[in-house]
Amino acid sequence: MNYRALDQWTREIPIVAQRGKITDRNGVVLADNSTAYTVFARSNAVKDVEKTAALLSQSLGLQEKTVYEKLTRKKASEVTVAKKVGKAEISKLSDLSLDGIYYSRDNIRYYPKGDALCQVVGFTSSDSVGTTGIEKYYEEYLAGKRGELLYETDLVGIEIENSVATYLPAENGYNVELTIDYGIQELAESALERAAKTYSPASAECIVLDVNTFEVLALANYPSYDLNEVPRNDTELLNSLTRNRLVCDVYEPGSTFKIITSAANIEEHLQGNPKAFSTNYVFPSARTRSVDGTTVKCWSNHANGKHCNQTLSDALNTSCNPCFTDIALSLGTQTFYEYLSAFGFGKKTGIDYGGEAYGLLLNEKIVRGCDLARIGFGQTVAVTGIQLACAAASAVNGGYYYAPRLVKRIYADDGYVVKATEPVLKNRTISERASEILVDMLEGVVSKGSGKKAYLEGYGVGGKTGTAQKYEDGRIAVGKYVSSFVGFFPAHAPKYLALVIVDEPQGAYYGSVVASPVAKEIFEGIISLKNIQPQMKE
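Rules used in this analysis
Residues numbered from 1 in each chain as written. Predicted model: local features only at pLDDT ≥ 70, side-chain atom pairs only at ≥ 80, totals over all residues. Heavy atoms only, no water. Helix = DSSP H or I, 4+ residues; strand = E, 2+ residues; numbered from the N terminus. Buried < 20%, exposed > 50% of the residue type's maximum accessible area, 1.4 Å probe, protein only. Contact = heavy atoms within 4.5 Å. Areas by Shrake-Rupley, 256 points an atom, 1.4 Å probe, with all protein chains shown as cover. Pairing = 2+ DSSP bridges. Axes fitted to C-alpha atoms, helices over the stretch in contact; angles between N-to-C directions. Phe/Tyr/Trp six-rings, centres within 6.5 Å; stacked < 30°, edge-to-face > 60°. Lys NZ or Arg CZ within 6 Å of the ring centre and 35° of its normal. Salt bridge = Lys/Arg side-chain N within 4 Å of Asp/Glu carboxyl O.

1. Describing the overall build of the protein chain
Piece 1. Scanning the protein chain from terminus to terminus reveals 19 helices and 19 strands.
Piece 2. Projected onto its principal axes, the C-alpha coordinates of the protein chain cover approximately 95 × 45 × 45 Å.
Piece 3. Across the 538 residues of the protein chain, 54% fall into the buried class.
Piece 4. Pairs at least 24 apart in sequence give 73% of the contacts found in the protein chain among residues at least 6 apart.
Piece 5. Of the roughly 24,400 Å² of accessible surface on the protein chain, 47% is carried by carbon and sulfur atoms.

Right, here's the structure in full:
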């Protein structure tokens, strides 16, 4: 059939395609559709305008004057009388059998879990077009294709009596299955809410990764909002609440970045680089280092011999900055930057989500010694949460860096799989042996170092805390910190990794106090949810 030619002699009623569902990896529905209707009027076919306007206004609860004006518009052969009309009202209209009045089914987007995963799932516009999040990123799959019901008309657009309608069916959108595990997502969101009640932060975030595939199992941002009640009239609030900070914003990581510095040093030592330090090397006990006229200090005053005679493992436990300054300066800019590149800093991870930030990494050509010294312990560098989580996961999984993913598969209602994602190895970062050594050290950080509040007997949790001062207008913002913790378990065969970031907590600010208990709560929940048994001690 020549649809273009046909259109010159027909009037069509749109048949809206059903938008695809969004679910978690276990089939929990996160975005669905509820049915409503749009009522149309074909002015030329309305025989009694006044009566029709009166009956429509009564049935739909509209102003009669407004309906009458729509029906008498001369420039429009077809007008929309009302949108989002319920089934009861449509039944009334059907009984009235009004000439020139038609209706079509709409799909109103509905989010069964309300505010859960809101920054990831996103929402649609009033026309059911993806506006943010997964709804926007996968619009081409979710949207489907509109159909039409064509009525044959005469030259002035009046439907021909006894004409036969032509039906062009809609093509429903495809369903999107996320890598998210809703059970773990609930754990992450609940843990953040409890931390927020205790410390009243400006914001807080958490991401949980599958260490061996880089599938995102949970991604939570606090505060959240109800996807069924989007604050569309307040642009500033809307932008703030819908922003997925773990992907789109950068922050100075502080001591969690020492995982990367340690990984680079261990690998270089295994490769025979004489500038790298062995695991038995004892760092100079001085509390400070002077680099290019600037002074790097340890947070501890080293009183009573505290933090003296430290190996790399000890330095991770106590989070002593000068030791990591020594490592970065000894490895040198070129070598250290090769590792930063391999671990994905200064570039996008490639996660399937819009607006990902690159992070901030000084150009290698302009890096001074004092810059390199501070990058070694997580200053003078800014990262996204997804960057740091992926880098840490690679450091503890044997050195494998994968492309992180939010979507597991895209499929039709009949089960046909349009697209399925598999782990994509982007590069190697360190060797398996270096990773094993690092894991043992990070397990020590949790069992006897700064990460004690994340310790779980029998489960071998490893990790690193971070406490970074914030800067405003190029100066240290007094009393403002970012508290963080990145941890993983089981240490002998890492599976789950969580990064927790708490921005500007009140009352306490050390990552060891604020962030690590959040990770512990999430890990305890995963253990219960997945019925993970404790490790047997050899």
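2. A short note on the environment of V211
Piece 1. Along the chain, V211 falls in the loop between β9 (203–210) and β10 (216–222).
Piece 2. Judged by its relative accessible area of 0%, V211 is buried.
Piece 3. Between the alpha carbons of V211 and Y402 there is a distance of 9.4 Å; along the sequence they are 191 residues apart.

3. Considering the sheet that holds β10
Piece 1. As summarised here, the arrangement of the 5 strands in space is β10-β9-β19-β18-β17, forming an open sheet in which the pairing is antiparallel. Looking at the sheet topology across the chains shown, the edges are occupied by β10 and β17 (462–472). Strand-to-strand twist in this sheet, taken as the mean axis angle between neighbours without regard to direction, amounts to 10°.
Piece 2. In terms of strand pairing, β17 meets strand β18 (residues 475–489) through 10 bridges, oriented antiparallel. Counterpart to Y471 in the pairing with β18 is I476.

4. Description of the packing of aromatic side chains
Piece 1. Under the defined criterion, the tally for this structure stands at 14 aromatic pairs.
Piece 2. When the centroid spacing of 5.5 Å and the interplanar angle of 75° are considered together, the rings of F214 and Y402 count as edge-to-face. Of the two residues, F214 sits in the loop between β9 and β10 while Y402 sits in strand β13 (residues 400–402), which places them 188 residues apart along the sequence. When sorted by exposure, F214 lands in the same class as Y402, which is buried.
Piece 3. A connected cluster of aromatic rings, assembled from ring pairs, spans W299, Y481, Y509 and Y510.
Piece 4. Cation over ring: R428 sits above Y400, and NZ or CZ is 3.9 Å from the ring centre.
Piece 5. The ring of Y496 is capped by K495, whose NZ or CZ atom sits 5.8 Å from the centre of that ring.

5. Re the pairing of strand β3 (residues 29–42)
Piece 1. Burial analysis of β3 places 10 of its 14 residues in the buried class, which makes it a mostly covered element.
Piece 2. Two strands pair when backbone bridges link them, and strand β2 (residues 22–23) and β3 are joined in this way by 2 bridges, in the antiparallel orientation. Bridge pairing links I22 to A31 in β3.
Piece 3. Hairpin connection of β2 to β3: 5 residues between the antiparallel strands, including G27 at a positive phi of 90°.

6. Quick word on the pattern of salt bridges
Piece 1. Scanning all chains against the criterion turns up 19 salt bridges.
Piece 2. R245 serves as the salt-bridge partner of E205, at 2.8 Å between the closest nitrogen and oxygen. Here the residue E205 occupies a position in strand β9, and R245 occupies one in helix α10 (residues 245–248), the gap between them amounting to 40 residues. A single burial state applies to E205 and to R245, both of which are buried.

7. A few points about helix α13 (residues 321–331)
Piece 1. Summarising burial for α13: 9 of the 11 residues are buried, a large majority.
Piece 2. Buried positions along α13 lie against α11 (258–270), β11 (288–291), β12 (294–297), α12 (312–318), α14 (333–342) and α15 (369–375).
Piece 3. The first or second residue beyond α13 is G332, which carries a positive phi of 90°.

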